[in-house]
Structures are given as C-alpha cells and as structure tokens.
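# A structural walkthrough
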Amino acid sequence: MEKKSKVLIIGATGNLGFHLAQFSLKFGHPTFILIRDSAFTDPVKLQKLNSLTDAGATILKGCLEDEKNLVEAVKRVDVVICSIPSKQALDQRLLIKAIKEAGCVKKFIPSEFGADPDKVQVSDIDQNFYSQKSEIRRLIEAEGIPYTYICCNLLMNYLLPSLIQPGLKTPPRDKVTVFGDGNVKGVFMKEHDVAAFTTCTIDDPRALNKTLYLRPPGNVYSINELIEIWESKIGKKLDKIYVPEDQLLKKIKDTPYPDNMVLVFIYSVFVRGDHTYFNIESSGGVDGTQLYPHLKYTTISEYLETLV
C-alpha cells in the first residue's frame, strides 16, 4: 500500500474547501488546514473546524499574508490545495513563493475551480477575472512547481438554481429568458463532486502538470436543453424570450461592475461556448470522468429534481 501524501488545504472553512478537507480525510491523507485567527470567532466556520478536527484534521494557524507561517506550514506537507475565492486569486503569489522556498511540495493545486482561464474568450469584458488566474498559472510554471489545474466549469449552486435567470432564486414556472440561440452547451458540477475528483488527483501521476477538466455526461447541456428538462419535471411549457448576442453585450456594457459579471459568465458559457468549444485531449488536458470512472456524481437532472 503506497503511502498517502500529506495535504495542506487553504480555505477549508469555505464551501468547496470544506468538502476538499472532508475528502482528503476520507481518502486517508494526513490533512492539515491553514486557518486565520478570525475563523475561531465565526460560529459557522468554528462548526466546520470542529467537524474537521474531529475527523482528524490538524489546524495550523496562519494566512496568505504571512510568509514565515506559510513556509512553516508548507514544509509539513507534500501537496498544497488552495480554494480561496476566485476574486482573490492573486493572493496566492506569496504562497507560490513559500512553496518554492520550502522545496518539498510534489503538487500544488491552485484556486481555479471554474472555466479554463487560458481558454475563455471574454478577457476584454471580464474585469481581469480570468487573467488573474492565468497570471497565477504562469508564476507556478515559471517557478517549476509541479501542479494540477482543476477546471470544473460552473458550480451547481451558481445560475442553475434559477435556470440561468439573473435575479431569480428559483427556476421560473411561466416564462424564461434564453441567451443567444440557446444551443451552446455549458457544464455544471456540484461542489461535493468537484472535491472528490480533485482529491483523486493528489497522488495520481496522470494528472501531474496537467489541466483536469470535468465534463461528465449528464452535466453538459444548453439552455434550451435545461428548459426542456425543467418543463418535463413541472409538466408545463414555458414562454421563451430570446436575448440575442448583441443585446446581451449591450446589457453587460450598460450594467455597472460587479453586477454585470453574472451576464459576463452567461455570455462566456452559453454564447461563446467557453466550456465546450475545445477538445480536452488535443488541448493537452485530461478528462476527470475518464480518469476516475468509479466516482459517482450528481447530474443536472438529479439536481433540478430537488427544486421541483
């Protein structure tokens, strides 16, 4: 039995980070979590911390602004996984420096967990959302740090609960807006499942220095297909209102930042096709569902069933 890598998780009190820590422990990895002092005064975060420590996680105090603590924490592990919010991507710069200095890390999984930042076609309107992630990739590569990038596309708790209807919290039951022609496919993954796939890559040489893409059958659909699935569940046809590409771009331009970002993501995924326009293998990536066919995951249909 091969020895399991020791893992440090940064962002373990966040939604995805908590699942990552749970799976790391479940899969038998000695698991360390880097925690700020402020987390101990937040009741929700404290509950998560207690749950993780009860399951065997070791708490290390520190933050991404403290290089000395970062180096000490990194020196204790083989693999580092970061799951801080995307808008804080550049906060990983000091962590990369610490990983380089520690010199012991076999793999770094940076905070990506979305569309591939090197492949999106919206860099002129996304307020540097993706270019910051690409900048972190280039830093990792320049330092010669072994990595796996995880591109899980959209998380199911974002946009899917409203059936891609900005401003709604639940799926519509009368009329629905379709962006573009409604035929471009996007991908949704449940956070819990993203964490399972990510944890499988920790000691897998097939994923080393690769981008792992998640496009499971049953989770790749266009807006029109999502509407059909929803209509079949509620037994009712919805009236469709089409918003063509030029109108969507005008709305993005006319809506102030950050409120327009939801429209930018819709444009990226369901008009430009940023999740699905390229072939995984020919782009040098690996397909998570092919590498780990044993993993069960929540399909879009199963998720929408919970909203009926």
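Residues numbered from 1 in each chain as written. Predicted model: local features only at pLDDT ≥ 70, side-chain atom pairs only at ≥ 80, totals over all residues. Heavy atoms only, no water.

### Digging into the sheet that holds strand E7 (residues 154-155)
The strand order across the open sheet built from three strands is E7-E9-E11, with neighbouring strands paired in mixed fashion. If you trace the sheet from one side to the other, it starts and ends with E7 and strand E11 (220-222), each paired once. As paired elements, E7 and strand E9 (residues 185-189) share two bridges and run parallel to each other. Each residue of the ladder has a partner; that of Leu154, found in E9, is Phe188. (Pairing = 2+ DSSP bridges. Helix = DSSP H or I, 4+ residues; strand = E, 2+ residues; numbered from the N terminus.)

### A short note on the nonpolar core
One recurring pattern in soluble globular proteins: nonpolar side chains tend to sit buried together. Core analysis: the largest hydrophobic core is formed by 37 residues, its most contacted members being Leu160, Ile164, Phe188 and Leu248. Counting residues per element, the ones that place at least two in this core are helix H5 (129-142), strand E8 (175-179), helix H7 (223-234), helix H8 (245-254), helix H9 (261-270) and helix H11 (300-305). Here this core gets eight residues from one element, more than from any other, and that element is H9. Within the second largest apolar cluster, 36 residues are counted, among which are Phe23, Ile109, Leu212 and Leu214. (Core = buried A, V, L, I, M, F, W, Y, C linked by side-chain atoms within 4.5 Å. Buried < 20%, exposed > 50% of the residue type's maximum accessible area, 1.4 Å probe, protein only.)

### Looking at the pairing of strand E3 (residues 58-61)
Looking at chain direction, strand E2 (residues 31-35) and E3 are connected through four bridges and run parallel. Each bridged residue has a counterpart across the sheet, and for Ile35 the counterpart in E3 is Lys61. In this fold, E2 hands off to helix H2 (residues 43-54), which returns the chain to E3; that crossover is right-handed. (Right-handed = clockwise from strand over helix to strand, strands pointing away.)

### Regarding the packing of aromatic side chains
Inspection of every chain in the model, using the stated rule, returns ten aromatic pairs. A ring pair is formed by Tyr158 and Phe265, whose centres lie 6.0 Å apart and whose planes are at 80°; its orientation type is edge-to-face. You can see Tyr158 sitting in the loop between E7 and E8 and its partner Phe265 sitting in helix H9, a full 107 residues away along the chain. Judged by relative accessible area, which is 31%, Tyr158 ranks as partly exposed. Judged by its relative accessible area of 11%, Phe265 falls in the buried class. What links up through ring pairs into an aromatic cluster is the set Phe129, Tyr130, Tyr158 and Phe265. Cation over ring: Lys61 sits above Phe40, and NZ or CZ is 5.0 Å from the ring centre. (Phe/Tyr/Trp six-rings, centres within 6.5 Å; stacked < 30°, edge-to-face > 60°. Lys NZ or Arg CZ within 6 Å of the ring centre and 35° of its normal.)

### As for the UniProt feature "domain: NmrA-like" (unreviewed entry) in the protein chain
The UniProt entry lists residues 3-304 under the feature "domain: NmrA-like" (unreviewed entry), expressed in the numbering used here. Taken end to end, residues 3-304 has its terminal C-alpha atoms 40 Å apart, with 35% of it in helix and 17% in strand. (UniProt positions renumbered as here; feature names shortened; annotations may be inferred.)

### Quick notes on H7
The end-to-end C-alpha distance of H7, which contains twelve residues, comes to 16 Å, matching closely the 16 Å that a straight helix rising 1.5 Å per residue would cover. Within the span of H7, buried status applies to Ile223, Asn224, Leu226, Ile227, Ile229, Trp230, Glu231 and Ile234. Buried residues along H7 sit in contact with E8, E9, E11, strand E12 (239-243), H9 and H11. Just downstream of H7 lies Gly235, where phi reads positive at about 65°. (Expected span 1.5 Å × (residues − 1). Contact = heavy atoms within 4.5 Å.)

### Remarks on the environment of Val77
You can see Val77 is positioned in the loop between helix H3 (67-74) and strand E4 (79-82). Measuring from C-alpha to C-alpha, the distance between Val77 and Thr31 comes to 8.6 Å, with 46 residues separating the pair along the chain. Residue contacts for Val77: discarding those within four places in its chain leaves Lys6, Val7, Leu8, Phe32 and Cys104.

### With respect to the pairing of E8
Across the five residues that make up E8, a large majority, four, are buried. Here E8 pairs with E12 via five bridges, running parallel. Across the sheet, Val176 pairs through a bridge with Lys240, a residue of E12.

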